[in-house]
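Structure at a glance
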Amino acid sequence: MGQRLIYLDNNATTPTDPRAVEAMLPYFYENPGNAASRNHPAGWVAEGAVDTAREQIAALINVDPREIIFTSGATESDNLAIKGVFEMYARKGNHIITVKTEHKAVLDACKRVEKMGGEVTYLDVDSKGLIDLAELEAAITDKTILVSVMWANNETGVIQPMKAIGEICARRGVLFMSDATQAVGKIPVDPKETGVHLLAFTSHKMYGPKGVGALFVNRKNPRVKVTSQMDGGGHERGMRSGTLNVPGIVGFGKAAEIAKAEMAEDAARTKRLRDKLETALVGMLEEAYINGSVEHRMPHVTNISFKHVEGEGLMMTFNQNIALSSGSACTSASLEPSYVLVALGLGDDLAHSSLRFSLGRFTTEEDIDATIKQVAEGVNHMRELSPIWEMYKEGIDIDAIEWSEH
Ligand SMILES: *Cc1c(COP(=O)(O)O)cnc(C)c1O
């Protein structure tokens, strides 16, 4: 008998809410228009649908609809913000400040900026995953044009002190950008109140369809501009050319409307289930550690290391039933420990022994009960087979052993 897949990988992507799918359907066949076709009703219908979605998305983050630029996703939004600011403000300076635990879309865009002659400072985080505000302030120079700090981390759920960072940026006159992909739609995000000038986010992490995202660009005080990275028809106020993905945008808008209405309820429910899962696993299993701040954290995420148990191997014990992520990243050459967990100070072994559980709107109590059972069984099973665990139980200090290299 096939078991239902338990989906606890909502930070990788969320299922599309059926209500968003429903809203999209009329924009494939019945309403085929291009939102840029201004000379016939089909175009007007598409444009109207895009306008509605823009309003729904703007309302979710409390900004003017004219400040929303549609893109293909958060990767593109991050690239547009970072490279676009770097090019637009080249006369003012060439220095960008970001953080070691950012998403690759930000880090790799910054690497590109370095290749183009820019200078980038990568701030450290403490063992909780939080940046040091004094360090940030000290890193700002008269050449600094942008500070880019993610709102919430995708691996740990840790939330940075956004308002305090916004105050520093305002005082020092530098633009503040945030990859808020993991926060928008799940906790209140208000860029204006927080002093954020550019905000990147994506539909498919908030129960909308994949392949559509947005960049908020502040219009007034200051009026922020980014150099477009795509040449073409000059759509989206000249900042992002390309025919708009009308059905995708409609679904994104609907997802934003639902998120605004149900955010508090969703957060409370996932937090209760997350806490249940976490308390049970940390309570039942020896040597289980929660990674990152438990105080400044998203309500639906927990990242736990099970010492002396290799996460990828642990996942194999229930791979057919539970979808989640480990603290190991597959690179072309090998299995690398997560750079985010390493930045928190975890050794390679503890990073490799971590699992990320990211709950969502459709996670049920039964999912969590089954997960607790299967993960606990898996950890115990792997430890029973492990000579390292046996040595640990016999009181041998594993970390003090000098393994011979071959
Ligand atoms: C998923 C994710 C992205 C990339 O978003 P896409 O829409 O898939 O391009 C960027 N940043 C963070 C923090 C993410 O979690």
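Residues numbered from 1 in each chain as written. Predicted model: local features only at pLDDT ≥ 70, side-chain atom pairs only at ≥ 80, totals over all residues. Heavy atoms only, no water.

**Details of the nonpolar core**
Residues Ile-61, Ile-68, Val-147, Trp-151, Val-184, Leu-199 and Phe-201 are the most contacted members of the largest nonpolar core, which totals 60 residues. If you count residues domain by domain, this core takes at least three from each of domain 1 (6-12 + 263-400) and domain 2 (18-258). In terms of nonpolar packing, the next biggest core, distinct from the first, is built from 25 residues, Met-315, Ile-322, Leu-359 and Val-379 among them. (Core = buried A, V, L, I, M, F, W, Y, C linked by side-chain atoms within 4.5 Å. Buried < 20%, exposed > 50% of the residue type's maximum accessible area, 1.4 Å probe, protein only. Domains from an automatic or database assignment.)

**Remarks on the pattern of salt bridges**
If charged atoms from side chains of opposite charge come close, those side chains can pair. Counted by the stated rule, this structure contains 23 salt bridges. Here Arg-356 ties to Asp-9 by a salt bridge, and the two come within 2.9 Å at their closest N and O atoms. Residue Arg-356 is located in strand S15 (residues 354-358), and its partner Asp-9 is located in the loop between strand S1 (6-7) and helix H1 (18-24); the two are separated by 347 residues in the primary sequence. Assigned by exposure class, Arg-356 and Asp-9 land together as buried. With a closest N to O distance of 2.9 Å, Arg-66 and Asp-64 form a salt bridge. Where salt bridges share partners, they join Asp-17, Arg-19, Glu-262, Asp-266 and Arg-361 into one cluster. (Salt bridge = Lys/Arg side-chain N within 4 Å of Asp/Glu carboxyl O. Helix = DSSP H or I, 4+ residues; strand = E, 2+ residues; numbered from the N terminus.)

**Here's the deal with the sheet that holds strand S12 (residues 325-326)**
Ordered in space as S9-S10-S15-S12, the 4 strands form an open sheet in which the pairing is antiparallel. One side of each edge strand has no neighbouring strand; the edge strands of this open sheet are strand S9 (288-290) and S12. For S9 and strand S10 (residues 301-306), the ladder comprises 3 bridges, and the chain directions are antiparallel. Across the sheet, the residue bridging to Ile-290 is Ile-304, located in S10. Contacts from helix H9 (residues 311-318) reach S10, S12 and S15 within the one sheet, and its direction differs from that of S15 by about 55 degrees. (Pairing = 2+ DSSP bridges. Contact = heavy atoms within 4.5 Å. Axes fitted to C-alpha atoms, helices over the stretch in contact; angles between N-to-C directions.)

**A few points about empty space enclosed by the protein**
Per the stated rule, a full pass over the model turns up 2 cavities of 30 Å³ or more. Of the volumes computed, that of the largest cavity is approximately 100 Å³. If you trace the largest cavity, you find it lined by Gly-185, Lys-186, Tyr-207, Met-263, Asp-266, Ala-267, Thr-270, Pro-299, His-300, Leu-359, Gly-360 and Arg-361. When grouped by side-chain class, the residues that make up the lining of the largest cavity number 5 nonpolar, 4 polar and 3 charged. Inspection of the lining of the largest cavity shows a minimum of three residues originating in each of domain 1 (6-12 + 263-400) and domain 2 (18-258). Empty space within the second largest cavity amounts to approximately 50 Å³. Taken together, Thr-101, Gly-129, Met-150, Trp-151, Ala-152, Asn-153, Thr-156, Val-158, Gln-160, Val-340 and Leu-344 form the lining of the second largest cavity. Here the lining of the second largest cavity is composed, by residue class, of 6 nonpolar, 5 polar and no charged. (1 Å grid on protein atoms, 1.4 Å probe; cavity = no way out; pocket = protein on both sides within 12 Å on 5 of 7 lines; lining within 4 Å. Points joined across faces, edges and corners; volume = space filled by probe spheres on them. Nonpolar A, V, L, I, M, F, W, Y, C, P; charged D, E, K, R; others polar.)

**What to know about the UniProt feature "active site" (unreviewed entry) in the protein**
As annotated by UniProt and renumbered to match this structure, "active site" (unreviewed entry) occupies Cys-330. Along the chain, the position of Cys-330 falls in strand S13 (residues 328-330). By relative accessible area, Cys-330 is classed as exposed at 70%. (UniProt positions renumbered as here; feature names shortened; annotations may be inferred.)

**A word on the environment of Gly-48**
Its place among the elements puts Gly-48 in helix H2 (residues 41-60). By relative accessible area, Gly-48 is classed as partly exposed at 29%. Between the alpha carbons of Gly-48 and Lys-260 there is a distance of 21 Å; along the sequence they are 212 residues apart.

**Quick notes on the pairing of strand S6 (residues 175-179)**
The side chains of a regular strand alternate between both faces of the sheet. Among the 5 residues of S6, 5 are classified as buried, and the element is accordingly described as predominantly covered. Covered by surrounding structure in S6 are Leu-175, Met-177 and Asp-179 together with Phe-176 and Ser-178, the residues of both alternating faces. Note that strand S5 (residues 144-148) and S6 share 3 bridges and pair parallel. Residue Ser-148 lies in a different strand from S6, and its bridge partner there is Met-177. Sheet topology places S6 next to strand S7 (residues 198-202); 3 bridges connect them, and they run parallel.

**A closer look at the site of the ligand**
The environment of the ligand is made up of 13 residues, and the closest members are Thr-75, Asp-179, Gln-182, Thr-202 and Lys-205. In this structure, an oxygen atom belonging to the ligand sits 2.6 Å away from a side-chain N or O atom of Thr-75. One of the side-chain nitrogen or oxygen atoms of His-204 is found 2.8 Å away from an oxygen atom of the ligand. Protein chains shield 87% of the accessible area of the ligand, which is 380 Å² for the free molecule. (Near = heavy atom within 4 Å. Polar contact = N/O pair within 3.5 Å; in protein donor to acceptor, adjacent residues only side chain to side chain. Areas by Shrake-Rupley, 256 points an atom, 1.4 Å probe, with all protein chains shown as cover.)

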